[in-house]
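So you can see what is in the structure, the chains are spelled out below.
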Amino acid sequence: MARFLIKRILLMILSLFVIAFLTFSLMHAVPGGPFTAERQLPARVEAEMRARYNLDAPLYVQFFDYIKGFLTFDLGPSFKYPGKTVNDFIENGFPVSAKLGGITILFILAVSIPLGIWAALKNGKWQDGFVMTIATLGVTIPSFVIATLLMYLFSHKLGWLPVFSLDKWQGYILPVVSLGGYSLAFIARLMRSSLLEVMGQDYIRTARSKGLSEVKVIVRHGLRNALIPVITILGPTIAALLTGSFVIEKIFAIPGMGVYFVDSVGQRDYTAIMGITVFYATFLIVMTFIVDIFYTIIDPRIRMEA
Amino acid sequence: MSAILEVNNLKTTFHTGNGAVQAVRGVSFHLNEGEILGIVGESGSGKSVMSMSLIRLVAPTAKIEAGSILYKGKDISTYSARQLRSIRGKEIAMIFQDPMSSLNPVMTVGAQVAEMLSEHSRLSAKERKAQVIALFNRVRIPEAEKRYRQYPHELSGGMRQRVMMALALAMQPGILIADEPTTALDVTIQDQILKVMRQLQSELGTSILFITHDLAVVADLCSRVLVMYGGQIMEDASIDDIFARPLHPYTLGLMASIPSLEQEKATRLVPIPGSPPDMLNPPAGCPFAPRCPEAREICLENPAPLVDAGKGHHSRCWLLTEGARELDHPFRTVTDAMYRNRERTEDTL
């Protein structure tokens, strides 16, 4: 157990290092830089700027300087917004994205899993067809289309819900539904197919032969086995939702991390790209790790082995 | 001897996209108190479906029509799902073919057996555990305390089948249905499982319905045997009688295909040519007729009657009726029979 944890943590650090290295290399391989603009800066000014941000040093020196800063949780200054640091962006943006993402995750879990179970139990009946049609739509329609449709209907036409405001709880409804639509539909479908498969297993027949009621058969013997694939997908989904979505944040004018991230790429804001990528990667790796630990709890066949 | 189970005219049909598959077609038999009754037949003969139909464990696409299924005199075929649940496990318990997949992989084996006790009795958690450990000892599971906390994947096939036996016997049911319990195990383990089963049967007096395709196991374990083919019972007799005077050509074919330790190296086993009938379109006459070396015209056209051969021995064969032996053979060789059979199926397609 201890050996497993140590090995996993070392591997996580290695993965992060590789991700940081690749992002750094790709970022510098792309033409242009933070000070490239339509109106060329005078050569002397640009040289001054590059020297100030340490951009004239060899790349490997820059990279190791960056790693040094990262280890002390200093992600560096933003190149585009003077006086602001990347830490500021994350500190301001992440809580907003994470709150929206957190609510979305709760919403997804509360709706998709019961929906998937219901569809599986009504396999082949109209309820199943209904849920699966909605879920297929949810998986195929892009989130910005859902968001725009919802805004048009509930804000513009009916006037029930605000468009841009996270001050009141009503303001969360549209972003949460638009943001969670895809994952909700996906998890509902996964839950359904997984439960259907499990309910055809021999041990379900054994459970029935004991004289258990159908509810007990499903809850005690079906669900726990059927949740295993759902948990796999839940890790990356949670990481992605908590760190913010560019599209939804842009549409609903939410000052989260997703917007900063996409903007920083366009502006070659090197430190912001690095900072947010590594932050997201850390999150993803940690979530995957948590999922792996959950596996061993839910499925005794999976062992924590070094 | 009184019958604990009496089944009359049981029919099970699966409604599939391709049509109705008539897996069990009018099976009647009885199981005596404290008896081990063997049901023999090859794959697809309907023996598993028949046994699962008794407590309605077949897939929801199956429709069970039965004259009656009398358990201790009560017709359980008319029971509601709720009433039937009090029969399952408590009165009629089952052991399945594949011990690898018949236990829930994410639950300890102890908890899976204890669940049966909590469902049908009012024991405390502590009493349940003590009883499960006693059951494990009874089916000769070594280190029962340790096994209680283990998961199915930590146990060998033989151990898992013992767990299944402990599970099935937990409530001391009136009937144990064992559906090919040793087929998935190797021969030495098979022998141990049969030994335990026989021991338990003599200790507890449980009546056992033992389903297998292995006549040798039947000879070893059972007191009476039913031979099934094409969803019907072809022959039923006491174990001594069936080996002394097998009457049905199918039973003879099964016996000829058993290898014997004494036989010469050069002697070849005699397989039964052809394959079981397609139950989507079951044959009009005797289901075995197309593969039967002794078949007559009448066998292909008309369902054979169940002929009483005395001493409780019955056989469903035209040849046992007056004057049938003198009728013409419909085909000279078995190859002809198969050829004809193929033509018939092509006609129906």
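Calculation rules
Residues numbered from 1 in each chain as written. Chains lettered and ligands numbered in written order. Predicted model: local features only at pLDDT ≥ 70, side-chain atom pairs only at ≥ 80, totals over all residues. Heavy atoms only, no water. Helix = DSSP H or I, 4+ residues; strand = E, 2+ residues; numbered from the N terminus. Rg over C-alpha atoms; globule rule 2.2 N^0.38 Å. Buried < 20%, exposed > 50% of the residue type's maximum accessible area, 1.4 Å probe, protein only. Contact = heavy atoms within 4.5 Å. Areas by Shrake-Rupley, 256 points an atom, 1.4 Å probe, with all protein chains shown as cover. Buried area = accessible area lost by both parts, 1.4 Å probe. Salt bridge = Lys/Arg side-chain N within 4 Å of Asp/Glu carboxyl O. Polar contact = N/O pair within 3.5 Å; in protein donor to acceptor, adjacent residues only side chain to side chain. Nonpolar A, V, L, I, M, F, W, Y, C, P; charged D, E, K, R; others polar. Pairing = 2+ DSSP bridges. Axes fitted to C-alpha atoms, helices over the stretch in contact; angles between N-to-C directions. Parallel < 35°, antiparallel > 145°, perpendicular 65-115°, else oblique. Left-handed = near helix turned anticlockwise from the far one by under 90°. Core = buried A, V, L, I, M, F, W, Y, C linked by side-chain atoms within 4.5 Å. Domains from an automatic or database assignment. pLDDT = per-residue confidence, 0-100. 1 Å grid on protein atoms, 1.4 Å probe; cavity = no way out; pocket = protein on both sides within 12 Å on 5 of 7 lines; lining within 4 Å. Points joined across faces, edges and corners; volume = space filled by probe spheres on them.

## Examining the overall build of chain B
In step 1: For chain B, the count of helices and strands is twelve helices and twelve strands.
In step 2: Relative to the globule expectation of 20 Å for 349 residues, the C-alpha radius of gyration of chain B, 22 Å, shows essentially globular dimensions.
In step 3: Within chain B, the fraction of its 349 residues that count as buried is 51%.
In step 4: In chain B, 65% of the contacts between residues at least 6 apart in sequence involve partners at least 24 apart.
In step 5: For chain B, the exposed surface amounts to about 15,900 Å²; the carbon and sulfur share of it is 51%.

## Considering the interface of chain A and chain B
In step 1: Chain A puts 21 residues into the contact, and the matching count from chain B is 24 residues.
In step 2: In this assembly, chain A packs against chain B so that about 2,100 Å² is buried in total across both faces, 55% of it on carbon and sulfur atoms.
In step 3: When residues of chain A are sorted by the area they lose upon contact with chain B, Arg205, Ser209 and Lys210 of chain A head the list and together hold 30% of the total.
In step 4: Seen at the junction of chain A and chain B, the total is three salt bridges.
In step 5: Note that Arg220 of chain A and Glu115 of chain B form a salt bridge whose closest N and O atoms lie 2.7 Å from each other.
In step 6: Counting across the interface, chain A meets chain B through 15 residue pairs in polar contact (both at pLDDT 80 or more).
In step 7: Those elements giving two or more residues to the side of chain A that touches chain B turn out to be helix H8 (202-209) and helix H9 (214-242) of chain A.
In step 8: For the side of chain A that touches chain B, the class distribution of residues is five nonpolar, six polar and ten charged.

## Focus on the sheet that holds strand S11 (residues 306-308) of chain B
Residues and elements named next belong to chain B.
In step 1: In space, the eight strands of this open sheet follow the order S6-S7-S8-S3-S9-S10-S12-S11, with mixed pairing throughout. Both outer strands of the open sheet, strand S6 (92-95) and S11, are each paired with one neighbouring strand and no more. Ignoring strand direction, the axes of neighbouring strands in this sheet form an average angle of 20°.
In step 2: Here five bridges tie strand S7 (residues 175-179) to strand S8 (residues 207-212), and the two strands are oriented parallel to one another.

## Quick word on the packing of H9 of chain A against helix H12 (residues 270-298) of chain A
The angle between the axes and the distance between the axes are what describe a pair of packed helices.
All names here are of chain A.
In step 1: As a packed pair, H9 and H12 sit with axes 8 Å apart at the nearest point and diverge in direction by 165°. Between H9 and H12, the interaxial angle falls into the category roughly antiparallel. Of the two elements, H9 crosses H12, and the hand of that crossing is right-handed. Along its contact with H9, which presents Arg224, Leu227, Ile228, Ile231, Thr232, Gly235, Pro236, Ile238, Ala239, Ala240 and Leu242, the element H12 presents Tyr280, Phe283, Leu284, Met287, Val291, Phe294, Tyr295, Ile297 and Ile298.
In step 2: Tallied by class, residues from the contact of H9 with H12 come to 17 nonpolar, two polar and one charged.

## Here's the deal with the pattern of salt bridges
Residues and elements named next belong to chain A.
In step 1: Considering all chains together, one arrives at 20 salt bridges over all chains under this definition.
In step 2: A salt bridge links Asp263 to Lys250, with the shortest nitrogen-to-oxygen separation between them at 3.9 Å. Of this pair, Asp263 sits in helix H11 (residues 257-266) while Lys250 sits in helix H10 (residues 246-251), placing them 13 residues apart in sequence.
In step 3: For Asp263, a relative accessible area of 27% puts it in the partly exposed group.
In step 4: The exposure class assigned to Lys250 is partly exposed, which follows from its relative accessible area of 46%.
In step 5: The salt bridge partner of Arg301 is Asp299, with a shortest N-O separation of 3.1 Å.

## Focus: the nonpolar core
Across soluble globular proteins, nonpolar side chains show a tendency to be buried alongside one another.
In step 1: Residues Leu5, Phe29, Phe136 and Phe210 of chain B are the most contacted members of the largest nonpolar core, which totals 100 residues.
In step 2: Here this core gathers at least three residues from each of two domains, domain 1 (102-170) and domain 2 (253-348) of chain B.
In step 3: Beyond its immediate stretch of four places on either side in the chain, Phe210 of chain B contacts Ile36, Leu37, Gly38, Ile39, Ala178, Pro181, Leu194, Met197, Val217, Leu221 and Cys222 of chain B.
In step 4: Residues Ala20, Tyr53, Tyr66 and Ile248 of chain A belong to the second largest nonpolar core, which totals 68 residues.

## Notes on the environment of Asp269 of chain A
All names here are of chain A.
In step 1: Position of Asp269 among the secondary structure elements: in the loop between H11 and H12.
In step 2: When its relative accessible area of 1% is taken as the criterion, Asp269 is described as buried.
In step 3: For the pair Asp269 and Val86, spaced 183 residues apart in the sequence, the C-alpha separation amounts to 9.8 Å.
In step 4: Sequence-distant contacts of Asp269, defined by excluding residues within four places in its chain, comprise Ser78, Phe79, Lys80, Tyr81, Phe89 and Ser264.

## Observations regarding the confidence of the model for chain A
Regions with low pLDDT should not have their predicted coordinates read in detail.
In step 1: When the pLDDT values of chain A are averaged, the result is 84; 97% of them are 70 or greater.
In step 2: Mean pLDDT in chain A bottoms out at helix H2 (residues 43-52) of chain A, which sits at 77, and peaks at H8 of chain A, which reaches 94.

## A look at the layout of surface pockets
In step 1: Space inside the largest pocket adds up to approximately 860 Å³.
In step 2: Around the largest pocket, the lining is made up of 27 residues, and of these Arg208 and Glu214 of chain A together with Val58, Ala59 and Pro60 of chain B lie nearest the centre.
In step 3: Among the elements that take part in the lining of the largest pocket, H8 of chain A stands out by supplying four residues, more than any other.
In step 4: In this model, the second largest pocket occupies a volume close to 470 Å³.

## Here's the deal with unusual backbone geometry
Residue and element names in this part refer to chain B.
In step 1: One non-glycine residue, Arg56, lies in the positive phi region at around 55°.
In step 2: On the accessibility criterion, Arg56 (29% relative accessible area) is partly exposed.
In step 3: A positive phi angle is found at Glu180, which is not glycine, with a value near 45°.
In step 4: For Glu180, a relative accessible area of 7% gives the class buried.

## Looking at empty space enclosed by the protein
In step 1: This model, assessed by the stated rule, comprises five cavities of 30 Å³ or more.
In step 2: By volume, the largest cavity is sized at about 70 Å³.
In step 3: Along the wall of the largest cavity there are 14 residues; nearest its centre are Pro249, Cys286, Cys292, Cys299 and Cys317 of chain B.
In step 4: Taken together, the residues of the lining of the largest cavity sort by class into eleven nonpolar, one polar and two charged.
In step 5: Considering only enclosed or pocket space, the second largest cavity measures out at about 40 Å³ in volume.
In step 6: As for the second largest cavity, its lining consists of Tyr81, Phe89, Tyr260, Asp263, Ser264, Gln267 and Asp269 of chain A.
In step 7: The dominant element in the lining of the second largest cavity, judged by the number of residues it contributes, is H11 of chain A, at three residues.

## Description of the sheet that holds strand S1 (residues 3-16) of chain B
Residues and elements named next belong to chain B.
In step 1: Strand order across the open sheet formed by four strands is S2-S1-S4-S5, with antiparallel pairing between neighbours. A single partner strand is all that each edge strand has here, and the edge strands are strand S2 (19-32) and strand S5 (74-75).
In step 2: Relative to strand S4 (residues 62-71), S1 runs antiparallel, the two sharing nine bridges. Bridging across to S4, Glu6 finds its partner in Leu70.
In step 3: Docked against the sheet, helix H1 (residues 47-54) engages S1, S2 and S4, running at close to 115° with respect to S1.

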